[in-house]
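In case you want the letters, here they are:
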Amino acid sequence: MSDPVGRDRLTRWRLVLGKGAGLDPPPGGDGTGEGSGSGQGIGPGEGPGEGPGPDDGDDGAPRLSADDRRRDEALSQLYDAPRSGGLGASAPRVARWLGDVRTYFPTSVVQVLQHDAMDRLGLHQLLLEPEMMEAVQPDVHLVSTLVGLNGVIPPHSRETARAVVRTVTAELEERLRQKTVQAVTGALDRAARSRRPKPADINWPATVTANLKHWLPEHRTVVPERLVGHARRARSLERHVILCLDQSGSMAESVVYSSVFGAVLASLRSLSTSIVAFDTAVVDLSDLAEDPVDVLFGVQLGGGTDINKALAYCQSLVRAPEDTVLVLVSDLLEGGIADDMVRRARDLVAAGVTVVALLALSDSGAPAHDADHAAALAEVGVPAFACTPDLFPDLMAAAIERRDLTAFAATHDLPTAAPGRQ
């Protein structure tokens, strides 16, 4: 076993100089795992190896810990790979890479890496030259990249970046607004049932069904003892929707869509909408909810994930549990105390809050997520599944009506986590 101080110095030099520095142990039998990043340009490939191994190779060369291998992979993806644009299909990898560097490096190093990424992705040129902007079709992935690099975008380029983000969010809002408004307002109407409806509001099929026991065979009719209908909704708030957004790298596309839906929901008078973003810290963006651009440029806090802390804050916002819908958008890769997270979710459900965990709110499908945590949440009444943006309005309608969301997911062929350990 080599001297710990010397080994630590060798490890630092290995991370600084990269894989070509001649400080790696010889290939084969090194115990560091088989995986290695294989993606071109910025973004993870298959991921660094996870296997355990001794501290040193047979020749005294340092072997990297799991966290150091992730740091090494992030550095390799930025500096060892050929320069390549990250504005097309590779952009989802960029978002994950941005999450990795915020998790595994201190803030001062993150800023340097992000500055270099701006150059290697060609974003400096994109934001400074109008002809470049005209040549690129803005989309959700580009928005995710710009938001991830928000902290290092030069001041004179910020308005250009915001203009790109606003173009995309406006298009998404135009596409999604009508269905969302119709689904949510319809659900609110159906949820506001009255036993003494006005004649125009009587739901006759529901009334007949509710009074079948009062069937009079001799008159071949039903005598309705109780009328069922839809009450005229008052202007007062009827539901509180809390969108709780995980800011880890894999959730970037979901955060974009969530900000758009948050703006639509915030525009409805009968809803109170809160937007809470978190990593290891929590920030309340509810005051910005009506503008998705402001939300997106307000979500970058750092690396790591503490879902329990985020749920604790959301719990403090609840005033009328049975009228509250909490949507947790997260891959459930909890960095805090997982058992506390599950207990807090159980408490919210027991109090009457409708809680659902969306592993993704995107067109890309479910990302890598913690299946054990998803199963544990399912055990306490919090269904966990991925949802597409086009289906989200129907999900919100089902949540507002307090329908079985696990059954909703099954109806729409959305795989849910099976109940497991608590």
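Use the structure listed above.
A few points on the structure. Fair warning: this is a prediction, and the values are worked out from it, not measured in the lab.

1. Quick word on the overall build of the chain
Piece 1. Regarding its fold elements, the chain presents 16 helices and ten strands.
Piece 2. With 422 residues in all, the chain has 50% of them scored as buried.
Piece 3. Contacts spanning at least 24 positions in sequence make up 75% of the contacts within the chain whose residues lie at least 6 apart.
Piece 4. With an accessible surface of roughly 19,800 Å², the chain has 51% of that area assigned to carbon and sulfur atoms.

2. Description of the nonpolar core
One broad trend across soluble globular proteins is that nonpolar side chains are buried collectively.
Piece 1. Counting residues in each nonpolar core, the largest one holds 58 residues, and the members touching the most others are Val184, Val327, Leu358, Phe392 and Leu395.
Piece 2. By residue number, the principal contributor to this core is helix α8 (residues 158-191), which donates ten residues.
Piece 3. Apart from residues no more than four positions distant in its own chain, Val327 is found in contact with Ile242, Leu243, Cys244, Val356, Leu358, Phe392 and Met396.
Piece 4. Core analysis: the second largest hydrophobic core is formed by 28 residues, Val353, Leu359, Val380 and Ala384 among them.

3. Focus: helix α10 (residues 252-266)
Piece 1. Taking 1.5 Å per residue, 15 residues should reach 21 Å; α10 reaches 21 Å between its end C-alpha atoms and fits that length.
Piece 2. In terms of residue burial, α10 counts as a mostly covered element, since 15 of its 15 residues are buried.

4. A word on helix α12 (residues 307-317)
Piece 1. For α12, the set of buried residues is Ile307, Asn308, Ala310, Leu311, Cys314 and Leu317. Down the axis, α12 shows its buried residues gathered within 165° of arc, on one side only.
Piece 2. The secondary structure elements touched by the buried residues of α12 are β5 (239-246), β6 (271-278), β7 (282-284), β8 (324-329) and α13 (338-351).

5. Points about the sheet that holds strand β9 (residues 354-361)
Piece 1. Pairing is mixed across the open sheet formed by six strands, whose spatial order is β7-β6-β5-β8-β9-β10. Looking along the sheet, the strands with just one partner apiece sit at the ends: β7 and β10 (384-387). Averaged over neighbouring strand pairs, the angle between their axes works out to 25° when direction is ignored.
Piece 2. Here β9 pairs with β10 via three bridges, running parallel. When the bridges of β10 are listed, Leu361 appears paired with Cys387.

6. A short note on the state of the cysteines
Piece 1. In total, this model carries zero disulfides according to the counting rule given.
Piece 2. Cys314 supplies the cysteine sulfur nearest to Cys244, a cysteine that is in no disulfide, at a spacing of 3.7 Å.
Piece 3. A residue is classified by how much of its surface remains accessible, and Cys314, at 1% relative accessible area, is buried.

Procedures and definitions
- Residues numbered from 1 in each chain as written.
- Predicted model: local features only at pLDDT ≥ 70, side-chain atom pairs only at ≥ 80, totals over all residues.
- Heavy atoms only, no water.
- Helix = DSSP H or I, 4+ residues; strand = E, 2+ residues; numbered from the N terminus.
- Buried < 20%, exposed > 50% of the residue type's maximum accessible area, 1.4 Å probe, protein only.
- Contact = heavy atoms within 4.5 Å.
- Areas by Shrake-Rupley, 256 points an atom, 1.4 Å probe, with all protein chains shown as cover.
- Core = buried A, V, L, I, M, F, W, Y, C linked by side-chain atoms within 4.5 Å.
- Expected span 1.5 Å × (residues − 1).
- Arc of directions from axis to C-beta.
- Pairing = 2+ DSSP bridges.
- Axes fitted to C-alpha atoms, helices over the stretch in contact; angles between N-to-C directions.
- Disulfide = S-S within 2.5 Å.

Just geometry here; none of it tells us what the structure is for.
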